Amino acid sequence: MWDFWSLSPESLHQVTILMSDRGLPVSVRHMNGYGSHTYSFINAKNERFWVKFHFKTQQGHKLWTNAEATEVIGRSRESTQEDLFGAIERGEFPRWILQVQVMPEEDSEKTAYNPFDLTKVWPHKDYPPVTVGVLELNRNPDNYFAEIEQAAFSPSNIVPGIGFSPDKMLQARVFSYADAHRHRLGTHYEALPVNAPKCPVQNYNKDGAMRFFPNNPAPDAYYEPNSFSGPMERPEFREPPLRISGDADRYAQREGVGQKVDDFTQPRSLFNLFNAAQKQRLFSNVADAMTGVPAAIVERQCALFDKVHPDYGRGVRKALLARASAKEAAE
């Protein structure tokens, strides 16, 4: 873990979140959800805007320290699921406010960061979140296997008006998640009740293992175009052309194309938001997680922390030294 992270400075922002006291929620109810990837909205004028989705908990943030989490998980590995199930059973339905950050398509060429880089966030002052709705969980499953184990979420499941972006990780997930579901659940996983669309959908998927749904209106046609009134493409939902400039090439994300890659400013801004107590817990959590890691890898990671903020690297080294001294004294 630390070998990979220490060789991937773009991970610093997420590592800082994970290792801070913001990274161990008491329950799913008490944490935010983030789409992370950059998607697109296509409006009625066929204009494209880049967007990011955020789900903000309305239950407040409640977090465990490492010590508390160890004790809780020692009693039950399913503590967060038990909390969610119990809350819904009691009628305390958890809710999240859905917000969207919206970026005009042309702005992607002007930002100091790559807006399609999964490891970067969009500053709220530049692209303030817009509230668009509420997500509420108000029913527990009647059959856990049928409704939870067989659920097949995928970023490739979109509706007209929502599209993708040049986000490289999203592009991979668009096909890999569906592939995984076909392997895990079967060829026709999309037609299972928990996954099937609530509105009519016509396509040419048919036959194969576990075929259980009716024929489409033209059962003898499995191609398009055809002469038998089979499903037809809806050209009104075609996306507008995507502007592309420069050379197409294979390149490492950290090398950047057109924009300077800066992996330290955003984690520095996050670090500066922490108060003294939060920083101490961050240092302690990192030191705990580095137990047994080779010294060369530890120092390589600490050198990255130094670039975020001198206090970051200094604090982690001090916490590591304190643990080494305590271990030596105990022996």
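Residues numbered from 1 in each chain as written. Predicted model: local features only at pLDDT ≥ 70, side-chain atom pairs only at ≥ 80, totals over all residues. Heavy atoms only, no water.

### Some words on the overall build of the protein chain
This is how the line gets drawn: To qualify as a helix, a DSSP run of H or I must reach at least 4 residues; to qualify as a strand, a run of E must reach at least 2; elements of each kind are numbered from the N terminus. Burial classification: accessible surface area is computed with a 1.4 Å probe over protein chains only, and a residue below 20% of its type maximum counts as buried, one above 50% as exposed, and the rest as partly exposed. By definition in these notes, contact holds between two residues if any of their heavy atoms fall within 4.5 Å. Under the convention used here, a 1.4 Å probe and the Shrake-Rupley method define accessible areas, while residue burial counts only the protein chains that appear. Just so you know, the count uses Lys and Arg for positive and Asp and Glu for negative, and it drops His and the chain ends. Note on charges: their place is set at NZ of Lys, CZ of Arg, CG of Asp or CD of Glu.
Counting its secondary structure elements, the protein chain contains 10 helices and 6 strands. Its C-alpha atoms put the protein chain at 80 × 55 × 35 Å along the principal axes. Among the 331 residues that make up the protein chain, the fraction classed as buried is 33%. Of the contacts made within the protein chain by residues no fewer than 6 positions apart, 69% connect residues no fewer than 24 positions apart. Total accessible area computed for the protein chain in this model is approximately 20,800 Å², and 57% of it derives from carbon and sulfur atoms. Counting 38 positive and 41 negative side-chain charges, the protein chain places the centres of these two groups 4 Å from one another.

### Examining the side chain of N32
Heads up, the rule is: Whenever a nitrogen or oxygen atom comes within 3.5 Å of another N or O atom, the pair is scored as a polar contact, on the condition that within protein one atom can donate a hydrogen and the other can accept it, and that pairs from neighbouring residues in sequence are kept only if both atoms are in side chains.
For N32, the position within the fold is in the loop between α2 (12–19) and β1 (33–34). Owing to a relative accessible area of 17%, N32 belongs among the buried residues under this scheme. A distance of 3.0 Å separates a polar atom in the side chain of N32 from a polar atom in the side chain of Y34. A distance of 2.9 Å separates a polar atom in the side chain of N32 from the backbone nitrogen of T57.

### A look at the packing of aromatic side chains
Short version of the rule: Aromatic rings from Phe, Tyr and Trp, with only the six-membered ring used for Trp, were paired whenever their centres fell within 6.5 Å, and each pair was classed as stacked if the ring planes differed by under 30 degrees, edge-to-face if by over 60, and tilted otherwise.
This structure, assessed with the given rule, holds 11 aromatic pairs. Their ring planes at 85° and their centres at 4.9 Å tell us that W50 and F116 sit as a pair that is edge-to-face. Of the two residues, W50 is situated in strand β3 (residues 48–57) and F116 in the loop between β4 (95–104) and β5 (130–136); the sequence distance between them amounts to 66 residues. The interplanar angle of 10° and the centroid separation of 5.0 Å between the aromatic rings of F271 and Y312 together place this pair among those described as stacked. With a gap of 41 residues between them, F271 in helix α7 (residues 265–273) and Y312 in helix α10 (residues 310–330) connect regions that are remote in the sequence. With respect to class, F271 is no different from Y312; both count as buried.

### What about the pattern of salt bridges?
Just so we agree on the cut-off: Definition used for salt bridges: Asp or Glu carboxyl oxygen within 4 Å of a side-chain nitrogen of Lys or Arg.
The final tally for this structure, using the stated rule, is 21 salt bridges. Taking the shortest distance from any N to any O, the salt bridge between R48 and E239 comes out at 3.4 Å. On the criterion of sequence distance, the pair formed by R48 in strand β3 and E239 in the loop between α6 (168–185) and α7 is long-range, its members being 191 residues apart. Across the salt bridge formed by R234 and E236, the nearest N and O atoms sit 2.6 Å from each other.

### Some points on the layout of surface pockets
The criterion, for reference: Site definitions follow a grid-based scheme: protein atoms alone, a 1 Å grid, a 1.4 Å probe that fits but cannot get out for cavities, and for pockets an open set with protein on both sides within 12 Å along at least five of seven lines, plus lining residues having an atom within 4 Å of a point. Grid points are joined across faces, edges and corners, and a volume is the space filled by probe spheres set on the points. Classification convention: Asp, Glu, Lys, Arg as charged; Ala, Val, Leu, Ile, Met, Phe, Trp, Tyr, Cys, Pro as nonpolar; all other residues, Gly among them, as polar.
In this structure, the second largest pocket occupies an estimated 290 Å³ of space. Lining the second largest pocket are A287, M290, T291, G292, V293, P294, A295, V298, L320, R323, A324 and K327. Looking at the lining of the second largest pocket, the element that brings in the most residues is α10, giving 4 residues. Of the residues that constitute the lining of the second largest pocket, the class distribution is 8 nonpolar, 2 polar and 2 charged.

### Side note on the environment of A303
Among the structural elements, A303 can be located in helix α9 (residues 295–308). Judged by its relative accessible area of 30%, A303 falls in the partly exposed class. With 10 residues separating them in the primary sequence, A303 and G313 have C-alpha atoms 6.7 Å apart.

### So, the environment of G313
Relative to the elements of secondary structure, G313 occurs in helix α10. Along the backbone, G313 and E299 are 14 residues apart, and their C-alpha atoms lie at a distance of 9.3 Å. Those residues in contact with G313, other than ones at most four positions away along the chain, are C302, F305 and D306.

### Focus: the packing of helix α8 (residues 276–289) against α10
Here is the rule we go by: Each axis is a line fitted through C-alpha atoms, taken for helices only over the stretch in contact, and angles between the N-to-C directions span 0 to 180 degrees. In this scheme, roughly parallel covers angles under 35 degrees and roughly antiparallel covers those over 145, while 65 to 115 is roughly perpendicular and the rest are oblique. Definitions for this section: a left-handed crossing has its near helix turned counterclockwise from the far helix by less than a right angle. A right-handed crossing has that turn clockwise.
Where α8 meets α10, the axes come as close as 8 Å, and the angle between the chain directions of the two elements is 55°. Between α8 and α10, the interaxial angle falls into the category oblique. α10 is crossed by α8, and the crossing has right-handed handedness. Residues L282, F283, S284, V286, A287 and D288 of α8 touch α10, and the partners they reach there are D311, Y312, G315, V316, A319, L320 and R323. Partitioning the contact of α8 with α10 into residue classes produces 8 nonpolar, 2 polar and 3 charged.

### Examining unusual backbone geometry
The bulk of non-glycine residues show a negative phi, and the bulk of peptide bonds are trans. That bond from E224 to P225 is cis: its omega, 10°, falls within 30 degrees of zero. Of note, M210 is a non-glycine position whose phi angle comes to about 65°, a positive value. If you trace the backbone, M210 turns up in the loop between α6 and α7. Taking the relative accessible area as the measure of exposure, M210 reaches 63% and is therefore exposed. Phi is positive for S229, which is not a glycine, with a value near 60°. Positionally, S229 belongs in the loop between α6 and α7.

### Some thoughts on the nonpolar core
Most often, soluble globular proteins have nonpolar side chains that are buried together. For clarity, the cut-off: Here, nonpolar core means buried Ala, Val, Leu, Ile, Met, Phe, Trp, Tyr and Cys residues that are tied together by side-chain atoms lying within 4.5 Å of each other.
Judged by nonpolar contacts, the single largest core of 23 residues is most densely connected at W2, L282, V286, F305, Y312 and V316. Ranked by the residues each element gives to this core, the list is headed by α9, at 6 residues. If near-sequence neighbours (up to four positions away) are discounted, W2 is found in contact with V15, M19, V286, A289, M290, V293, I297, Q301 and F305. Grouped together as the second largest cluster of nonpolar side chains are 7 residues, V51, F53, V100 and V174 included.

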